[in-house]
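A structural walkthrough
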Amino acid sequence: MDILDNLTDPQREAVVHMDGPMLVVAGAGSGKTRVVTRRIAHLVSRGVWPNQILAMTFTNKAANEMKERVEALAGARPPWVGTFHSMCARFLRRDIDKLDDPRDGSFTIYDEDDRLSVIKSCLRDCHVAPGTVSAAAVRARISSAKCRVQDETADVVFANDDSDALDETLCHAYEKRMRELNALDFDDLLLLSVRLLASKPALRDVYHGRFRYLLVDEYQDTNRLQYLLMKLLTGPSRNVHATGDPDQSIYSWRGAEYRNILDFTTDYPDAKIVRLEQNYRSTKLILRSANELIRQNTRRLEKELFTENMTGIPIRVAAAQSDREEAQAVVGQVMELRLEGVSLREMAVFYRTNAQSRPLEDVLLSAHIPYQIVGGLRFYERKEVKDALAHLRLLVNPRDAVSLQRVVDCRATGVGRKTLAALLGQATEDGLPIMEFLADTDFPKRYRGRCGAKLAAFAAWCAELRRLPRTPVGNATAAVLEYSGLIEHYKEREDTDPLAEGRLANLNALLERANEYQEQTPEAGVDAFLEEVALVADVDYHDPDTESLALMTLHASKGLEFPYVFIVGVEEGYLPHENVAWNEDAVEEERRLLYVGITRAKQAVYLSYAATRYLWNEMQYRTPSRFVDELPTDEVEFVGRGAHRASKRRRWDAW
DNA sequence: CCTATATAGATTTTT
DNA sequence: TCTATATAGG
């Protein structure tokens, strides 16, 4: 297929663009991926080397898709296509020791959960009374301080209007601790990359020489750090290409500033702007409803998508008496579609919060309909998987005391919290990584605390752990799983603990993934595998080829498309979510969220809400979302008991 | 000081 | 429903 085949004029314009800044404002379903991949292929066909192109996405899935499609078109796989975070990790593995304030390139990447553990230990260190300060609040403060740095120097200011001295102390304690642990959080990956490029002009020149073309996907979701990073990576040639859609900005709660996309022309006044407004995905009726909904947002760039697709059928809005009835209605419709010959692969159910999957799962299970939950409790965040990974992490980073803590907690070793804290204090004092401290043959002499037989045995166990093979990954994982005793632990419990079987299965799944990874990249070590694991989202694991119904949050649905889309729980409290219902900007984001969900659909959209719902074992009365009223009444079909107007009245009756 | 058991508390979205 | 923290027993 030729690179320029089957393109509309604006699409072609974007594809053939060579040098200079360009912004592609790509509406939902307007063929953005096609344009981006073809442009890369076009660059390659015009003599640009694939490794001179750097493309940043938000998910691995988007990155992989891009790589595959470019390979199919251009016959070459561009190696520098990945998520912001994975690209930054790659930069830092190489050059983090060149920072003014250098770090070790073997750092461990901490997820949000690990971060909380660090903060909790800081709270203890700072003698904060339990229950007085929320660790999650401290984490939010740290994260937002990092994501809102002023300029390229990327100096983090922890103080703000409503912070007190304790807040600041905790933030600094966290930073100090992370350094001791040789760990970086997600924000650090971006932050330190910015700092590195900003402070080392020579290094920046090297990157500019290497990456002649820069592409940024989902530009509306970039935060301050990602924005700064993009500016720093843009060399004197200014070959920067951003794509995005302000109407699909749904991550402001994580620091994303959709202003970035609106301000692109301020940053690059000579930028070429291409607007893709023809939708190739949805029917006319779906698109018209979506347009009408998003039109209610006041702070937006005027834009009206159109399509030449069929008119289709109206969006259906169903009222249900209860969450269970709602789930049954969805599953009933799914079965009906199946009878009509629609495959489960062609349908998906979206909801606002992960917890909403439960009633659906119950009904799907009893109806024997296979389903897959995308996201939710992520595979790598499951307790037993994290425990296993903690062992692996200790092989790579001997300073990772958070992982050691997990290792201690997950199995009765005879060593507890207090002892570990004392050991860690001693190791820090000696300037030794905790694992080396324990593995030291002089350990009993060095350790000034009580050193009983149990502790000595544990130290010996740790020393042995570090001697396990690290390559190849599959074998290393197998060895660690065996040595950790985790498998044995759950096997013993299989008869008594109903959860044990599932946990064993997850451990085996982890092993399988390690083996897969080994097959794909035989030379890779445990470190590479851990990095992969730290930076994947479960959206990346959505398998569109298995015959099963996909269930996911609205956030996870972005970038996907399905012929038939169900959106459940379209109620006040969920859409907009109760936490933000009084904040006008946030409500606009919730509206965009529903817009994203609706525009995933090709053929049909089924919205539903329930009058009652069980939450925390308590029955709650619910009212339809205000967004339902914003859909064009004459182009939407209301169905179900006590349809729309009745429920609307009920809302007022309630007051 | 460690471990096992009971109870609370949590849930908005995620790289 | 599940996990992390508080409590009691050893």
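Figured I'd write up the structure that's included with this text. Being a predicted model, the structure only gives us computed values, none of them experimental. (Residues numbered from 1 in each chain as written. Chains lettered and ligands numbered in written order. Predicted model: local features only at pLDDT ≥ 70, side-chain atom pairs only at ≥ 80, totals over all residues. Heavy atoms only, no water.)

1. A look at the overall build of chain A
Scanning chain A for helices and strands turns up 29 helices and 18 strands. Its C-alpha radius of gyration of 26 Å places chain A within 12% of the 26 Å reference for a compact globule of 655 residues. With respect to the three principal axes, the spread of C-alpha positions in chain A is 80 × 60 × 50 Å. Put simply, chain A has 655 residues, and 54% of those count as buried. Sequence-distant contacts in chain A: of pairs separated by 6 or more residues, those separated by 24 or more amount to 78%. Here chain A holds 86 positive side-chain charges and 100 negative ones, and the gap between their average locations is 1 Å. (Helix = DSSP H or I, 4+ residues; strand = E, 2+ residues; numbered from the N terminus. Rg over C-alpha atoms; globule rule 2.2 N^0.38 Å. Buried < 20%, exposed > 50% of the residue type's maximum accessible area, 1.4 Å probe, protein only. Contact = heavy atoms within 4.5 Å. Lys, Arg positive; Asp, Glu negative; His and termini not counted. Charge placed at Lys NZ, Arg CZ, Asp CG, Glu CD.)

2. Details of the protein's contact with DNA strand C
Close to DNA strand C lie Lys-120, Pro-130, Arg-503 and Asn-617, which account for all nearby residues. In this structure, Arg-503 approaches DNA strand C through a side-chain N or O atom, which is 3.2 Å from a phosphate oxygen. Taken together, the residues that form the surface near DNA strand C break down as 1 nonpolar, 1 polar and 2 charged. (Near = heavy atom within 4 Å. Polar contact = N/O pair within 3.5 Å; in protein donor to acceptor, adjacent residues only side chain to side chain. Nonpolar A, V, L, I, M, F, W, Y, C, P; charged D, E, K, R; others polar.)

3. Points about the packing of helix α24 (residues 500-520) against helix α25 (residues 526-534)
Packing of α24 against α25 leaves a shortest axis separation of 11 Å and a crossing angle of 115°. The interaxial crossing formed by α24 with α25 has right-handed handedness. Between α24 and α25, the contacting residues are Leu-510, Arg-513, Ala-514 and Tyr-517 on the first element and Ala-528, Phe-529 and Glu-532 on the second. In the contact of α24 with α25, the residues fall into 5 nonpolar, no polar and 2 charged. (Axes fitted to C-alpha atoms, helices over the stretch in contact; angles between N-to-C directions. Left-handed = near helix turned anticlockwise from the far one by under 90°.)

4. Describing the sheet that holds strand β3 (residues 81-83)
Pairing in this open sheet of 6 strands is parallel, and the strands run β3-β2-β6-β7-β1-β8 from one edge to the other. Unpaired on one side and paired on the other, β3 and β8 (272-276) mark the two borders of the sheet. On average, each strand axis in the sheet is tilted by 15° relative to the strand beside it, whichever way the strands run. Sheet analysis places strand β2 (residues 53-57) next to β3, joined by 3 bridges and oriented parallel. Across the sheet, Thr-57 pairs through a bridge with Thr-83, a residue of β3. Of the strands in this sheet, β2, β3 and β6 (213-216) are in contact with helix α4 (residues 84-95), which crosses β3 at around 105°. (Pairing = 2+ DSSP bridges.)

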